[in-house]
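In case you want the letters, here they are:
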Amino acid sequence: MSGSSAHNPLIAVCQVTSTANKKENLSACSALIREASARNAAMVFLPEAFDYIGGSTEETLSLAESLEGALIQQYSALARECRLWLSLGGFHEKGPNWEKDRRISNSHLLLDDTGRIRSVYRKAHLFDVELQSGVSLKESSFTIPGMELAPPVCTPVGKVQLIV
């Protein structure tokens, strides 16, 4: 087990203020992950939209990547380097018919300490709101709802259930 006692594994729950700049967000998250590793954490939890928050639907869609894309590869390498598990909540994943419909999934990924994706949950209950003030957000207009729950995963810190 990476750097923690089998009876009392350490977890790190990190918060970041994401922007549309994926490189800066990765830098901030990497620093938190490395700090957690230096403190002997066994697992790091990052929040929804750890990858980025677009300023518009168009920007959100333009920044989306696949699970095989550069960003997840960088997090996979970081998990291997730091020898810890990563819970990556709310990744903007290109949908299976991206070329036709330009829709994404709001995906929660779990990477093990070898950098392998152990589980993926795609958010089923999307956020749609229309306020009296005229503010409107319809996640369902560009996000594909997930169709199933991912089973809990055994990790060095116990069983983890993925949600977004």
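Residues numbered from 1 in each chain as written. Predicted model: local features only at pLDDT ≥ 70, side-chain atom pairs only at ≥ 80, totals over all residues. Heavy atoms only, no water.

Visitor: Run through the sheet that holds strand S3 (residues 85–94), naming residues and quoting values.
Guide: Read across the sheet, five strands follow the order S1-S2-S3-S4-S5 without closing on themselves; strand pairing throughout is mixed. Sheet topology places strand S1 (11–13) and strand S5 (117–122) at the edges, where each strand pairs with a single neighbour. Geometrically, the sheet is characterised by an average inter-axis angle of 25° between neighbouring strands, direction not taken into account. Each of S1, strand S2 (43–46) and S3 is contacted by helix H1 (residues 22–38), which is oriented at about 155° to S2, the strand it contacts most. Along the sheet, helix H3 (residues 70–82) makes contact with S2, S3, strand S4 (104–111) and S5, crossing S3 at roughly 175°. (Pairing = 2+ DSSP bridges. Helix = DSSP H or I, 4+ residues; strand = E, 2+ residues; numbered from the N terminus. Axes fitted to C-alpha atoms, helices over the stretch in contact; angles between N-to-C directions. Contact = heavy atoms within 4.5 Å.)

Visitor: Describe the packing of H1 against H3, and please don't skip the residues or the numbers.
Guide: Following both chains from N to C, one finds H1 and H3 inclined at 15°, their axes separated by 10 Å at the closest point. Regarding the angle of H1 to H3, the classification is roughly parallel. Taken as a pair, H1 and H3 cross one another with a handedness that is right-handed. Contacts between H1 and H3 involve Asn 25, Leu 26, Cys 29, Ser 30, Ile 33, Arg 34 and Ser 37 from the former and Leu 71, Gln 74, Tyr 75, Leu 78, Glu 81 and Cys 82 from the latter. For the contact of H1 with H3, a count of residues per class yields seven nonpolar, four polar and two charged. (Parallel < 35°, antiparallel > 145°, perpendicular 65-115°, else oblique. Left-handed = near helix turned anticlockwise from the far one by under 90°. Nonpolar A, V, L, I, M, F, W, Y, C, P; charged D, E, K, R; others polar.)

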